[in-house]
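What the coordinates show
Here's the letter readout for the chains.
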Amino acid sequence: MTDVVGTGSTGQFTGRVAVITGGARGQGRSHAVELARQGADIALVDRCADLDTVSYPLATADDLAETVRLVEAEGRRCMSAVADVRDLDAMIGFVDGVVAALGSVDIMIANAGISTLGSIFELDAAGWSETVDTNLTGVFNALRAAAPHMRRQRRGRMITISSMMGRSANPLIPAYCAAKWGVIGLTKSVAHDMAHSGVTVNAVAPGNISTDMIHNDMLYRLMRPDLEHPTRDEVAAVMATLHVQPVPWLEAEEITAAVVFLCSEGARHITGSVIDVDAGASARFTA
Ligand code: NDP
């Protein structure tokens, strides 16, 4: 666990503490660095290990250390722990420790997630449960750990990361879709519960985001089954068909922009909402 004294300049989140699950790399890292740049102290959780049911490499301890380094380079304090969002006791212990060390938990970003493949004919018990346990129960555990502190503080922002696949259906990734739909139901329900405590609870639903979750052989072969070793360029056109705007993927920083907005003072009366950052994909399936 790292804990250094911050010396950073002031920003809209100065004096605030943000906890980010899955913060070792990808979107979680982007959120961590930007919130730190805007003044927040940061606490990161990541499991830092591969899973048998996930056929692309997950984050490492070196990835987590690099996010800590980037946050500290912004002059903010950063705590980190190797922990599993599927473990409620571990999440409660970590968040309690953050409050003890840094003073509060003002922002909880339940971002950790995995992507697993397998139709109803292929998915086994482990593939189903590891996906739902990580992508849905892990979000519950993060919110559950932060809720008592935010209620006592009478302020807070909870942000969950769903997906355009939490608003639509895909027969190749039913467990992922089911969990991400569940995240939206959970988010809206918790928004009710926290509404009288000055805490907002919202989801962001990203489209394809340019991280290791999509840039891997497993997904490339799924997109281009006609090719043995499809390249990034060869999958781009197929990835773009999932969006309405003609772009194959967005950058993590574009999700961070929505997260920062939801954390801002201007978003204090937005709760129970889903912000789609998906190059228009939701135009096909949401009212
Ligand atoms: P990454 O794979 O780069 O990041 C996900 C992070 O979550 C990794 O660091 C991973 O590392 C961590 N994580 C996974 N399982 C656990 C666990 N049980 N406990 C703690 N940490 C865990 O992908 P993204 O940054 O793209 O994904 C961020 C979120 O965005 C996810 O919820 C994802 O489902 C969602 N999303 C992504 C999209 C995309 O196209 N990339 C599209 C829509 C939504 P490790 O397993 O080693 O801990």
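Residues numbered from 1 in each chain as written. Predicted model: local features only at pLDDT ≥ 70, side-chain atom pairs only at ≥ 80, totals over all residues. Heavy atoms only, no water.

**Here's the deal with the overall build of the protein**
For the protein, the count of helices and strands is 8 helices and 7 strands. A compact globule built from 287 residues should have a C-alpha radius of gyration of about 19 Å, and the protein, at 18 Å, falls within 12% of that. Projected onto the principal axes, the alpha-carbon positions of the protein cover approximately 55 × 40 × 35 Å. Sequence separation of 24 or more characterises 75% of the internal contacts of the protein that already satisfy a separation of 6 or more. If the 23 positive side-chain charges of the protein are averaged to one point and the 33 negative ones to another, these points end up 9 Å apart. (Helix = DSSP H or I, 4+ residues; strand = E, 2+ residues; numbered from the N terminus. Rg over C-alpha atoms; globule rule 2.2 N^0.38 Å. Contact = heavy atoms within 4.5 Å. Lys, Arg positive; Asp, Glu negative; His and termini not counted. Charge placed at Lys NZ, Arg CZ, Asp CG, Glu CD.)

**A few points about the sheet that holds strand 3 (residues 78-82)**
Read from one edge to the other, the open sheet built from 7 strands follows the order 3-2-1-4-5-6-7, with strand pairing classed as parallel. Edge positions in the sheet fall to strand 3 and strand 7 (274-277), since each of these pairs with one other strand and no more. On average, each strand axis in the sheet is inclined to that of its neighbour by 15°, with strand direction left out of account. For strand 5 (residues 156-161) and strand 6 (residues 199-206), the ladder comprises 6 bridges, and the chain directions are parallel. Counted as the bridge partner of Gly156 is Val199 from strand 6. Against the sheet, helix 5 (residues 174-194) makes contact with strand 5, strand 6 and strand 7, and its axis sits at roughly 165° relative to strand 6, the strand it touches most. Here helix 8 (residues 252-263) sits on the sheet in contact with strand 4 (107-110), strand 5, strand 6 and strand 7, set at roughly 165° to strand 6. (Pairing = 2+ DSSP bridges. Axes fitted to C-alpha atoms, helices over the stretch in contact; angles between N-to-C directions.)

This is a description of form; function is not addressed.
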